[in-house]
Amino acid sequence: MTLNMYLRAAPVALALVLSACGGGSDDSATAYCPAPFTVQDAGRLTHFKAGPGRDPRDVEYEAALAGVGATCTLRRNRMDVNLIMRVAVSAGPSVAAGQTRVPYFVRVLGSSGQVVQGQDFTADFKLSSANPRGQSQEELTLTLPFNKIAELNGYRIAVGLKPSMEELDYNRRASQR
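**Student:** So what exactly am I meant to see when it comes to the environment of Val 116 here?
**Tutor:** Tracing the chain through its elements places Val 116 in strand β6 (residues 115-126). Note on Val 116: relative accessible area 40%, which makes it partly exposed. Residues Val 116 and Tyr 155, spaced 39 residues apart in sequence, show a C-alpha to C-alpha distance of 9.1 Å.

**Student:** How should the pattern of salt bridges be read in this particular structure?
**Tutor:** Opposite charge on two side chains lets them pair, provided their charged atoms get close. Inspection of the entire model under this criterion finds 9 salt bridges. With a shortest N-O distance of 3.7 Å, Lys 49 and Asp 58 are connected by a salt bridge. Overall, Lys 49 belongs to the partly exposed group, its relative accessible area being 34%. With its nearest N and O atoms 3.0 Å apart, the salt bridge here joins Arg 78 to Asp 80. Overall, the relative accessible area of 33% leaves Arg 78 in the partly exposed class. Within this structure, Arg 75, Arg 78 and Asp 80 form a network of salt bridges that share partners.

**Student:** Would you take a moment to explain the side chain of Asp 58 for this structure?
**Tutor:** As for its placement among the helices and strands, Asp 58 is situated in the loop between β2 (44-48) and β3 (59-75). Asp 58 has contacts with His 47, Phe 48, Lys 49, Gly 53 and Ser 94, leaving out every residue within four places of it along the chain.

**Student:** What exactly am I supposed to notice about the nonpolar core here?
**Tutor:** A general feature of soluble globular proteins is that nonpolar side chains tend to end up buried together. In this structure, Leu 83, Val 102, Val 106, Ile 157 and Leu 161 are the most contacted members of the largest nonpolar core, which totals 30 residues. When residues of this core are traced back to their parent elements, those giving at least two are β3, β4 (78-91), β5 (99-109), β6, β7 (133-145) and β8 (156-161). In terms of residue count, β4 provides more of this core than any other element does, 6 residues in total. Those residues in contact with Leu 161 that sit more than four places away from it in its chain are Ala 42, Gly 43, Arg 44, Leu 45, Ala 63, Ala 64, Leu 65, Val 87, Val 102, Pro 103, Tyr 104 and Phe 105.

**Student:** Any chance you could explain the confidence of the model for the protein chain here in plain terms?
**Tutor:** Looking at the protein chain, the pLDDT average stands at 84 and 85% of residues meet or exceed 70. The spread of mean pLDDT over the elements of the protein chain runs between helix α1 (residues 3-22), the lowest at 37, and β8, the highest at 97. Contacts of residues 1-24 to residues separated by more than four positions or lying in other chains number 8 contacts, the stretch itself having pLDDT below 50.

**Student:** For this particular structure, what's the right way to read the packing of aromatic side chains?
**Tutor:** Two numbers describe a pair of aromatic rings. These are the distance of the centres and the angle of the planes. The tally for this structure, following the rule as stated, stands at 2 aromatic pairs. Relative to Tyr 170, the ring of Phe 48 has its centre 4.9 Å away and its plane inclined at 85 degrees; by these criteria the two rings are edge-to-face. A residue pair is termed long-range when its members are at least 10 positions apart, and Phe 48 in strand β2 and Tyr 170 in helix α3 (residues 165-176) qualify at 122 residues. Geometrically, the ring pair formed by Tyr 104 and Phe 121 is stacked, given 5.4 Å between the ring centres and 25 degrees between the ring planes. Remark: Phe 121 occurs in strand β6 and Tyr 104 occurs in strand β5; sequence separation between them is 17 residues. For Tyr 104, a relative accessible area of 2% translates into the label buried.

**Student:** Sorry if this is basic, but what is going on with the pairing of β5 here?
**Tutor:** Along a regular strand, successive side chains alternate from one face of the sheet to the other. Here β5 runs beside β6; their pairing, made up of 11 bridges, is antiparallel. What sits directly across from Arg 101, in β6, is Asp 124. Adjacent in sequence and paired antiparallel, β5 and β6 are bridged by 5 residues, among which Gly 113 carries a positive phi angle near 90 degrees. Note: β5 against β8, 6 bridges, orientation antiparallel. Opposite Tyr 104, over in β8, you have Leu 161 as the bridge partner.

Cut-offs used in this document
- Residues numbered from 1 in each chain as written.
- Predicted model: local features only at pLDDT ≥ 70, side-chain atom pairs only at ≥ 80, totals over all residues.
- Heavy atoms only, no water.
- Helix = DSSP H or I, 4+ residues; strand = E, 2+ residues; numbered from the N terminus.
- Buried < 20%, exposed > 50% of the residue type's maximum accessible area, 1.4 Å probe, protein only.
- Salt bridge = Lys/Arg side-chain N within 4 Å of Asp/Glu carboxyl O.
- Contact = heavy atoms within 4.5 Å.
- Core = buried A, V, L, I, M, F, W, Y, C linked by side-chain atoms within 4.5 Å.
- pLDDT = per-residue confidence, 0-100.
- Phe/Tyr/Trp six-rings, centres within 6.5 Å; stacked < 30°, edge-to-face > 60°.
- Pairing = 2+ DSSP bridges.

Laid out in structure tokens, this is it:
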């Protein structure tokens, strides 16, 4: 082989070597990016004011997940997941003055269904009778470690609003009607 042939082959060989070091391509990141899902009974939330009443006049706010998506970037032995959630909220007749805090959660599940990462958050709104609706876009970055890229197939991302037990029971009864 002549020097000229080596010089022509060198850029191709260098590109192959460098791509092996980087961790992966955009296609691989898309292929292995875990699609987030909304946990059953956690997509909507009706929150009541404090006290005994639980009829429609006692609703402080109603919230819903209006959309969830993710984009991913591969790095050496990890995938960075940019999670985007849209939370929509509507004031009820008993909305309190000041800040309305809508609780939500994010859980990363491993291949056997166990929670490997998880955290609770709040989406904050200023609702009133003059400003009865709001929507926020919540963005989080999650890091998923791996030794072999195929391990990424085992991850799932669960999201949802975080109702109290009373709110969960109310939501379940309302969905059966």
